[in-house]
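For reference, the chains in residue letters:
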Amino acid sequence: MAETADTAAEQEEVLTDQDIVTGAKEPSLKPADVKAPELTGDIQIPHLVKGAMAKSKCHAAKPETMEAMGFPGRLVDNWEEAAVKKLGELLTKYKSLQVYLDICVRCGSCTDKCQFFLGSKDPKNMPVARADLLRKVYKKYFTTEGKIFGSLAGAAKLDLELLGEWYTYFHQCSQCRRCSVFCPYGIDTAEISMAAREIMDSIGIGQKYVNTVLVKLHEIGNNLGMNPKALKATMESTEEDIQEEDGVAVKLPVDQVGAEVLLITPSADFFATPHIESLIGYAKVFHQAGISWTLSSTASEAGNFGMFIGSYEHMQKAAMRIRKAIEELKPKRLIVGECGHAWRIAYAFWNTMIGPLDNSLGLKLEYPRPQHICEYTLDLVERGAIKLDKSANDDVIPTFHDSCNVARATRMGDRPGGQFEIPRALINAACNRYVEMDSDTIKEKTFCCGGGGGLLSDEILDVRVQGAMPRMQAYHAIKEENGANFFALICAICKAQFTKVFPKYGIPMIEVGGIHQLVAKAIELGAKE
Amino acid sequence: MSFELDGKTYETDDDGYLVNLDEWNEGVAGYMAEQEGIDMTEAHWEVVNFLRDYYQEYNIAPAIKILIKEMKKMFGPEKGNSAYLYDLYPAGPALQACKIAGLPKPTGCV
Amino acid sequence: MSGLTIFFVIYAYVAIAVFILGFLYRIWKFGKTPAPLKIDQTPAPTSDGGVVGRMILEVGVFKSLLKSNRIIWLFGYMFHIGLFLALLKHFRFFFAYGPGWIAYITTFEIYAGLIMLFGLIMLFVLRLVVDRTAFISVMNDYLLLILLAAIASSGLIIKHFSRTNLTTVKEFILGIVSFNPQEMPSEVMFIIHISLVFLLFIYFPFSKLMHSGGVFFSPTRNQVDNPRDRRWVNPWGKAPENIEIASNMTQDEG
């Protein structure tokens, strides 16, 4: 017995390859110690501080989590060979990966565009430098140029140190695609970081946060792990709250077969604050429009972190719950709540992965399939089907943060750019005093909140606080200039991220909220004329 | 990760949350509160007990709105708000109250 | 035929073959790799015609680069436009009797070469002096700029300072393209110029210069924004009917 214990103690002293890559034995970050940069209203391009973020690593997923996802439990012995093989496989499946690894000329135009670089000053957070971590390996094993010229061409062997850098820096990318806007070839670092994460999962080193959430999503139907009983109890409690506050019996139905609308919304809307205020907003809109609607207790999540780890398979499997819910509940319309990456997957991927979303599933063809809740509500307002009393929000001076996935990977309405105009039009319909942040920080040039792409985890709060810096500067500037006091959003991750980082920057978290939170306040409930 | 208390070893996850819910007792809660720099008053215990009861029933922590509503019942309307909740647990109900109550850390976009 | 000619005829055919076959192979590879999902960068055009317009703006005026960084855009554009005009000018070597418009283009020739060379030099300087680009640059980035600058410089010297007989150059090139090799002109600057050009031909398909063809295959730029209206099919994706998901809840105890 004593001998075994000794051996175990000795083994703890020796760092395994897995420990080195994931920094498992390094001291954990204390969220309370994280300090925010100073707010000046300016976004400065920093000088490089090499290695500034090298130690900021995500927790690694536990073996049981990895295995539940169908990945090896821990770093496999032949990881170099296995990683190269996986990269080879992905190169035959993704045009984006093949083209983007090949055609970067390192012109440098993306180098000052990433919020994580601007906030952290670490040069490996420059999009091209991040992508080069994978490109090096691609060159070494897959290109003639790399085989002949080696490091002169920027090729490098995948060794333990480089794998550790993958683990660090591909988990400091929120896949927000801001770099891609400014690239002369549209190189999308999100595609590269998805591939790198897929490779890492396949050799047994996955990130804890995303993989744990996905296991819950697959097993229970949402990221929280909220079972149907808890969901129903929470909805009933919310109905009581609305009744108490507004004196109106607004319902939040669950699993109603034959309802006109199936609402797919992020599960954070059932749990967190301020998210739940937007849920109340959706419910009031449906109530006042007189449309029957329902949530599904088994497809109780719009979010789909399968995208963050680049796994088509997991993304499709998670999305299948929604198809099953459509088949079971037989709605005529499919509407998606306030969630950024979910809207990307719903808008751009659902039809491919779980479609066709058409009358074969009983959906009515005259409506967009799926439809964003902002498209739906604004249409009701414009047709006069619901009325908003703007003066109810006169204490609020809102501005709008374009969430990265909505802004750069989707559309609302019929015209390009509707994803910018429709949310703004809806805020303007609900408020009198809308103000706009600096034009270099909004619409397609919007900065990520700093918590997207699976980074919404506390052990990398330093990364998140720094990544939020450009947006915080822009918000600070508009506060100084126009007194803005409400930061309107349509993304669950953005809401969670900003409620966490606002206080770090000395701004009250109460200023963060959804667009439908404003709608909920302004909507006139009661009998229609 | 793990910690020792009164001769017993308690396993925790990377963030310091108790792995086995059933191992929780008031001593564990007191120890964790101390780590978080929180002086447990009666109000703190009320929140922790409610969280635990809710978890037993629903297998998940309550929505923050539900917690606040419950606090309104427990402490009266002037204390049934999120400001008071954050007075009790400055790092937030999920980060601190759930941890001290021995519940797992809430996941997802929260 | 002189030894010099034999060497250069072989060099020429090897370089041209590597360039054409290599380029086509790389393009074929870009083309055949599937794009499983719609990942266009929005706001994106909602029609095929719109995508053509978007591409024309990207390739013609480097629209995204202009949005991003005006200094890199300026020098990058100077280099590319200079190269483009210089290439047009070189067409006269491929026709026994050149069309009139080529003669017209040749009036720009000195500017073309100088603009190209100036752009290249400035791109080199930018790479060195900006800490961010210095960090990301690898040796081949510098070597390629030097190679291109050497080609431009030798071309300018041939045109303006040396006594290379352009008629013999034309005969040599026409000989190559008509598979009827002629004597290689032996003027040193011309030998340097054409050697470097052939070197570039050989390196081209293996290098980042493939951005010239690759940009047209960039899914963020070449896809139409219409996923709600037309179903995009993933050639290797499973049909939804074949996806298994965990059957319902097991957690409802308590």
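Higher on the page you've got the structure.
The paragraphs below set out a description of the structure included in this document. Residue numbers restart at each chain and count upward from 1, following the sequence in its written direction. Just so you know, chain letters begin at A and ligand numbers begin at 1, following the order they were written in. With the structure being a predicted model, the display of local features is reserved for residues of pLDDT at least 70 and the display and counting of side-chain atom pairs for 80 or more, all residues being used for whole-chain, interface and lining totals. Computation of side-chain values: all heavy atoms of the structure, hydrogens and water removed.

Time to look at the overall build of chain B. Secondary structure is summarised from DSSP: a helix means a run of H or I of at least four residues, a strand means a run of E of at least two, and numbering begins at the N terminus for each. Counting secondary structure elements, chain B contains 5 helices and 2 strands. Tracing chain B from N to C terminus, the helices and strands come up as β-β-α-α-α-α-α. Relative to the globule expectation of 13 Å for 110 residues, the C-alpha radius of gyration of chain B, 13 Å, shows essentially globular dimensions. Its C-alpha atoms put chain B at 40 × 30 × 25 Å along the principal axes. A simple rule labels every residue: compare its accessible area, found with a 1.4 Å probe on the protein chains alone, to the largest value its type can have, and call it buried under 20%, exposed over 50%, or partly exposed in between. Out of the 110 residues in chain B, the part that is buried amounts to 55%. Between two residues, a contact is recorded if the distance between any of their heavy atoms is within 4.5 Å. Within chain B, contacts between residues separated by at least 24 positions form 47% of all contacts whose residues are at least 6 apart in sequence. Side-chain charges of chain B comprise 9 positive and 19 negative groups, with the mean position of each set lying 10 Å from the other. Radius of gyration means the value over C-alpha atoms here, while the globule rule gives 2.2 Å times the residue count to the 0.38 power. Counting rule for charge: Lys and Arg are taken as positive, Asp and Glu as negative, and neither His nor the chain ends is counted. Charge positions come from single atoms, namely NZ of Lys, CZ of Arg, CG of Asp or CD of Glu.

Residues and elements named next belong to chain A. In this model, helix α11 (residues 189–202) (14 residues) spans 20 Å end to end at C-alpha, consistent with the 20 Å of a helix rising 1.5 Å per residue. With respect to burial, α11 is a largely interior element, 13 of its 14 residues being buried. Polar contacts, as counted here, are pairs of nitrogen or oxygen atoms within 3.5 Å of one another; within protein the pair requires one atom able to donate a hydrogen and one able to accept it, and residues that are adjacent in sequence qualify only if both atoms are side-chain atoms. Two to three positions downstream of the cap, the backbone nitrogen of A190 sits 3.0 Å from a side-chain oxygen, assigning the N-cap of α11 to D188. A positive backbone phi angle near 100 degrees is found at G204, which sits one or two residues after α11. Helices are assigned an expected span. That span is 1.5 Å times one less than the residue count.

This part is about the sheet that holds strand β7 (residues 512–514) of chain A. Residue and element names in this part refer to chain A. Two strands are counted as paired when DSSP detects at least two bridges linking them. Taken in spatial order, the 3 strands of this open sheet run β5-β6-β7, and their pairing is parallel. Only two strands of the sheet have a single neighbouring strand rather than two, namely β5 (398–400) and β7. Averaged over all pairs of adjacent strands, the angle between strand axes in this sheet comes to 35 degrees, irrespective of strand direction. Where β5 lies against strand β6 (residues 486–489), 3 bridges are found, and the strand directions are parallel. Pairing of F400 across the sheet is with A488, part of β6. Lying over the sheet, helix α23 (residues 515–522) contacts β5, β6 and β7, oriented at roughly 75 degrees with respect to β7. To obtain an axis, a line is fitted to C-alpha atoms, over the contacting stretch when the element is a helix, and the angle between two such axes runs from 0 to 180 degrees between their N-to-C directions.

As a further point, take the pattern of salt bridges. A side chain of one charge can pair with a side chain of the opposite charge if their charged atoms are brought near each other. Whenever a carboxyl oxygen of Asp or Glu lies within 4 Å of a side-chain nitrogen of Lys or Arg, that contact is scored as a salt bridge. Enumeration according to the criterion identifies 49 salt bridges over all chains in this entry. Across the pair A:R464 and A:D458 runs a salt bridge, and its minimum N-O distance is 3.2 Å. A:D458 shares its class with A:R464; the two are buried. Through salt bridges that share partners, A:K62, A:K208, A:D458, A:R464, A:K500, B:D13, B:D14, B:D15 and B:K105 make up one connected network.

Our next topic: the packing of helix α4 (residues 79–93) of chain A against helix α5 (residues 95–103) of chain A. Residues and elements named next belong to chain A. Closest axis-to-axis distance for the α4/α5 pair is 5 Å, and the angle between their directions is 105 degrees. Considered as vectors, α4 and α5 are oriented roughly perpendicular to each other. Here α4 contributes L87, L90, L91 and K93 to the contact with α5, which in turn contributes K95, L97, Q98 and L101. For classification purposes, angles smaller than 35 degrees are called roughly parallel, those larger than 145 roughly antiparallel, those between 65 and 115 roughly perpendicular, and all remaining angles oblique.

Attention shifts here to the sheet that holds strand β1 (residues 261–264) of chain A. Residue and element names in this part refer to chain A. Pairing is parallel across the open sheet formed by 4 strands, whose spatial order is β2-β1-β3-β4. The two strands at the open ends of the sheet, each matched to only one other strand, are β2 (293–294) and β4 (371–372). Examined bridge by bridge, β1 and strand β3 (residues 333–336) share 4 bridges and lie parallel to one another. Residue pairing across strands places L263 opposite I335, the latter belonging to β3. The sheet strands contacting helix α14 (residues 275–289) are β1, β2 and β3, and the helix crosses β1 at an angle near 170 degrees. Lying over the sheet, helix α15 (residues 312–329) contacts β1, β2 and β3, oriented at roughly 155 degrees with respect to β1.

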